[in-house]
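Per-entry structural report
This is what each chain is made of:
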Amino acid sequence: MKATAGEKIRGFDALQVVSYNILQADDGEKPTVGKIEVIRKQPFLLVPDLGQPLALSGNRHMLEKLMEQDGAKVWIVGRMQKERLKVVKYGVLRPVDSEKCKKKRFVPPLKPMMRLDPIKKK
């Protein structure tokens, strides 16, 4: 069975998913998928194929939001800069569990993704 983004599958009460691939984000770029892990107060992305954590960089506010997602499965669109993935936008695929959320006073994001566009100076 194959479904495209936004397409509803009728006739099923539940689906069991074995695997999936995210082909592209809304802007056509292919995201990197992994799990957020905070190491020494720095956000990292654990990507199964890499074998080691990938350091994240970018806007301080966005990185703080990602660190609140410690343990969540996410997709990230960004660019590699000096052995770090500079985050342009991200989305949460599987949030952290509720017990962890309570301990960290987690507030779920209202939007499925964040994007920061450069501020144009006049």
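This write-up is about the structure you can find in this document. (Residues numbered from 1 in each chain as written. Predicted model: local features only at pLDDT ≥ 70, side-chain atom pairs only at ≥ 80, totals over all residues. Heavy atoms only, no water.)

Concerning the overall build of the protein
To keep it simple, the criterion reads: Where helices and strands are cited, they refer to DSSP runs of H or I of at least four residues and of E of at least two residues respectively, numbered from the N terminus. The buried label applies to any residue whose accessible area, calculated with a 1.4 Å probe on protein chains only, is under 20% of its type's maximum; exposed applies above 50%, and partly exposed to all values in between. Contacts are residue-level and defined by heavy atoms, with any inter-residue pair within 4.5 Å sufficient. Surface exposure here means Shrake-Rupley accessible area, sampled with a 1.4 Å probe, where a residue is shielded only by the protein chains that are shown.
Counting its regular elements, the protein contains 2 helices and 6 strands. Overall, the protein shows an N-to-C arrangement of helices and strands of β-β-β-α-β-β-α-β. Counting over 122 residues, the protein shows a buried share of 26%. Across the protein, the fraction of contacts at a sequence separation of at least 24, relative to all contacts at a separation of at least 6, is 53%. By element, 52% of the accessible surface of the protein is carried by carbon and sulfur atoms, the whole surface being about 9900 Å².

Comments concerning the pattern of salt bridges
Pairing between side chains of opposite charge can happen when the charged atoms of each approach one another. Operational definition: The working definition used for a salt bridge is a side-chain nitrogen of Lys or Arg within 4 Å of a carboxyl oxygen of Asp or Glu.
Per the counting criterion, the structure on display carries 2 salt bridges. Note that Glu-29 and Arg-79 form a salt bridge whose closest N and O atoms lie 3.1 Å from each other. With Glu-29 in the segment before strand E1 (32-39) and Arg-79 in strand E4 (residues 73-81), this pair connects stretches of sequence that are 50 residues apart. The class for Arg-79 is partly exposed, based on a relative accessible area of 43%. A salt bridge links Arg-60 to Glu-64, with the nearest nitrogen and oxygen atoms 2.9 Å apart. Of the two residues, Arg-60 and Glu-64 both sit in helix H1 (residues 60-67), 4 residues apart, roughly one turn of that helix.

Comments concerning the environment of Pro-53
When you line up the elements, Pro-53 lands in the loop between strand E2 (42-46) and strand E3 (54-57). Considered as a pair, Pro-53 and Glu-37 are 16 residues apart in the sequence and their alpha carbons are 8.2 Å apart. Filtering out sequence-adjacent residues up to four positions away, Pro-53 remains in contact with Ile-39, Phe-44, Leu-45 and Leu-46.

Focus on the pairing of E4
The side chains of a regular strand alternate between both faces of the sheet. Put simply, the test is: Note on pairing: two strands pair once DSSP finds at least 2 bridges between them.
Pairing of E1 with E4 involves 4 bridges; the strand directions are antiparallel. Pairing of Thr-32 across the sheet is with Ile-76, part of E4. Bridge count between E4 and strand E5 (residues 84-94): 9 bridges; the pairing is antiparallel. By the bridge assignment, Val-77 is partnered in E5 with Lys-89. Linking E4 back to E5 in an antiparallel pair, the connection comprises 2 residues, with Lys-82 at a positive phi of about 50°.

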